[in-house]
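Read off the chains here:
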Amino acid sequence: MTVPLSLAADRRIAILQLIRQAGALTRNDIAHSLDVSISQVSRITSELLESGLLVESRRSTAGLGRPSDLLALASDACVVVGLDLGSIEHRAILTNARGDVLATHVVVAPPLASRDAILSQITALTNLVIKQAKVVSDSIIGLGMALHALVDPIARIVHFWSGRPLMTSPWTDFALGSAVAEQMPGRIIAIDDVMRTLAISEARYGRDERDFILVLAEEGIAAAFVIDGMPYIGPNNIAGEIGHIAIDGEGNACECGNTGCLELRASERAVLANAGQWLQTSQIVTSLREHSILTIENVFEAADDGDRLAYQLIVEAGEALGHGLAVLLNLLGPRLIVLTGSMARSPIYCDAARRVMRLRSLSRASQNVRLETSQLDAFAGARGAASLVLDRLFSSHEENIFAMKR
């Protein structure tokens, strides 16, 4: 990949960007990509080696002649924290400059009835993962946060928390980024919708694809449109809210104000709500009655064991998602759709979605598309949040690695 020098604040940043993308490069590789002389590259990389931002990792055996040194980011160049603040669990991750995971931590999400409680929980979770990694808190250069909410990542404002009425009030129109920055001065603070941080993780750590759609199917339904390795945000900073596509004109009212939204039919919440209604209003024989508190895993297990009601509930939810995916196929014509979230753990759900997606989309669009499930672990959202900070550090931004190291 060739990076025009005009896109970087200086050549140091351009070199760091290239090496971060590739993992390791020789000086000749860098000179060729930037279209500058090898002597210039040698001078700049010597400075970066001396400053501790680069290391000589190993010898390259590619090509003819004498092996060349490969340059890589120094793992200890910086340390960042990423948080995934969900409504059920809060996850924390600590990574180095390369994005390697140094420590993880997970806690049950406590009730957060005020903004002070939110900020206290963020501080506590950050301190827990720092302690687990046995690093000094002063070494943390930034904090990224992924939220299961409608987020403006540019203004760093949380607009609305979907699906949790008790959580809505303290989060609504909360300038979270600024509030955390006041508590953690001198550090980079970034926030985004978990959908986009999951997409960043998928693009960086999950697969080689640079263009795909990531669809999250769990309590709600959302999507991220990954273009050249980065999720599209859109001019209103809220791209990807496919859960509120109306697929049933006579369906139930949604909290967004519309009726018949996709997530009212295809989400984990939809399956459990429909199961509860069946159990209350019918005498149907089902193993789901054995559970005092029904979980989505109970429904998956029952469906796999041949329970008719459980199977029907999962298939109907998957078919509903398939309708939404068909809309995405016809609009954007992707080659790859990646499905993640709790619902993606059910092959029955995925097969139903794949079948209806192909039936309801244009044949030209459906012929070449692949629907796959993500293989990343439960910390993908938090890891993507940490990458928000790393992206800013290794960029032309005024808060880049050189500004923060002064």
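Residues numbered from 1 in each chain as written. Predicted model: local features only at pLDDT ≥ 70, side-chain atom pairs only at ≥ 80, totals over all residues. Heavy atoms only, no water.

Description of the overall build of the protein
- Within the protein one finds 15 helices and 15 strands.
- Since a compact globule built from 406 residues should have a radius of gyration of about 22 Å, the 23 Å found for the protein is in line with a globular shape.
- Each of the three principal axes of the protein carries a C-alpha extent, and together these read 80 × 50 × 40 Å.
- Residues classed as buried in the protein amount to 50% of the 406 residues present. (Helix = DSSP H or I, 4+ residues; strand = E, 2+ residues; numbered from the N terminus. Rg over C-alpha atoms; globule rule 2.2 N^0.38 Å. Buried < 20%, exposed > 50% of the residue type's maximum accessible area, 1.4 Å probe, protein only.)

Focus on the nonpolar core
- Counting residues in hydrophobic clusters, the biggest one holds 42 residues, and the most contacted among them are Val215, Leu321 and Tyr349.
- No other element matches helix 11 (residues 308-332), which puts 11 residues into this core.
- Filtering out sequence-adjacent residues up to four positions away, valine 215 remains in contact with Met195, Ala222, Ala223, Ile242, Leu321, Leu325, Leu328, Ile337, Val338, Leu339 and Thr340.
- If you look at the next biggest cluster of nonpolar residues, it comprises 38 residues, including Ile15, Val80, Ala97 and Phe394. (Core = buried A, V, L, I, M, F, W, Y, C linked by side-chain atoms within 4.5 Å. Contact = heavy atoms within 4.5 Å.)

Regarding the sheet that holds strand 4 (residues 79-85)
- Spatially, the 5 strands line up as an open sheet ordered 6-5-4-7-10, and their pairing is mixed. In the strand order of this sheet, the two ends are held by strand 6 (101-108) and strand 10 (188-193), each with one partner. In this sheet, neighbouring strand axes are inclined to one another by 15 degrees on average, regardless of whether the strands run parallel or antiparallel.
- Note: strand 4 against strand 7 (residues 140-147), 7 bridges, orientation parallel. Counterpart to valine 81 in the pairing with strand 7 is leucine 143.
- Most of the contacts of helix 7 (residues 194-206) go to strand 10, to which it runs at about 105 degrees, and overall it touches strand 4, strand 7 and strand 10.
- Strand contacts of helix 14 (residues 380-393): strand 4, strand 5 (89-96), strand 6, strand 7 and strand 10, with the helix running at about 140 degrees to strand 4, the strand carrying the most contacts. (Pairing = 2+ DSSP bridges. Axes fitted to C-alpha atoms, helices over the stretch in contact; angles between N-to-C directions.)

Focus on helix 7
- For helix 7, a buried count of 10 out of 13 residues is recorded, marking the element as mostly surrounded by other parts of the structure.
- By the burial criterion, the buried members of helix 7 are Val194, Met195, Arg196, Thr197, Leu198, Ala199, Ile200, Ser201, Glu202 and Ala203.
- Here helix 7 starts with a cap whose side-chain oxygen sits 2.8 Å from the backbone nitrogen of methionine 195, and that cap is aspartate 193. (Polar contact = N/O pair within 3.5 Å; in protein donor to acceptor, adjacent residues only side chain to side chain.)

Comments concerning the packing of helix 9 (residues 268-281) against helix 11
- In the contact formed by helix 9 and helix 11, the axes pass within 10 Å of each other and the chain directions differ by 145 degrees. Seen from above, helix 9 lies across helix 11 with right-handed handedness. Packed against helix 9, whose contacting residues are Val271, Asn274, Ala275, Trp278 and Leu279, the element helix 11 presents Leu309, Gln312, Leu313, Ile314 and Ala317 at the interface.
- Class assignment of the residues belonging to the contact of helix 9 with helix 11 gives a composition of 8 nonpolar, 2 polar and no charged. (Left-handed = near helix turned anticlockwise from the far one by under 90°. Nonpolar A, V, L, I, M, F, W, Y, C, P; charged D, E, K, R; others polar.)

Remarks on the pattern of salt bridges
- Under the counting rule described, the total for this entry stands at 17 salt bridges.
- Taking the shortest distance from any N to any O, the salt bridge between arginine 43 and glutamate 47 comes out at 3.6 Å. Linking arginine 43 with glutamate 47, this pair stays in helix 3 (residues 38-51), spanning 4 residues, or about one helical turn.
- Accessibility expressed as a relative area gives 47% for arginine 43, which makes it partly exposed.
- As a salt-bridge pair, arginine 269 and glutamate 263 come within 3.0 Å of each other at their nearest N and O atoms. (Salt bridge = Lys/Arg side-chain N within 4 Å of Asp/Glu carboxyl O.)

Considering the pairing of strand 10
- Of all 6 residues in strand 10, 6 are buried; the element is thus mostly enclosed.
- Alignment of strand 7 against strand 10, held across 6 bridges, turns out to be parallel. Looking at strand 10, one finds that leucine 147 is bridged to aspartate 193.

Focus: the sheet that holds strand 15 (residues 370-373)
- Read across the sheet, 5 strands follow the order 13-12-11-14-15 without closing on themselves; strand pairing throughout is mixed. Two strands lie at the open edges of the sheet, namely strand 13 (230-231) and strand 15, each paired on one side alone.
- Across 6 bridges, strand 11 (residues 212-217) lies against strand 12 (residues 221-227) in antiparallel orientation. Considered in strand 12, the bridge of valine 215 is made with alanine 223.
- Lying on the sheet, helix 7 is in contact with strand 11, strand 12, strand 13 and strand 14 (336-340); it crosses strand 11 at an angle near 130 degrees.

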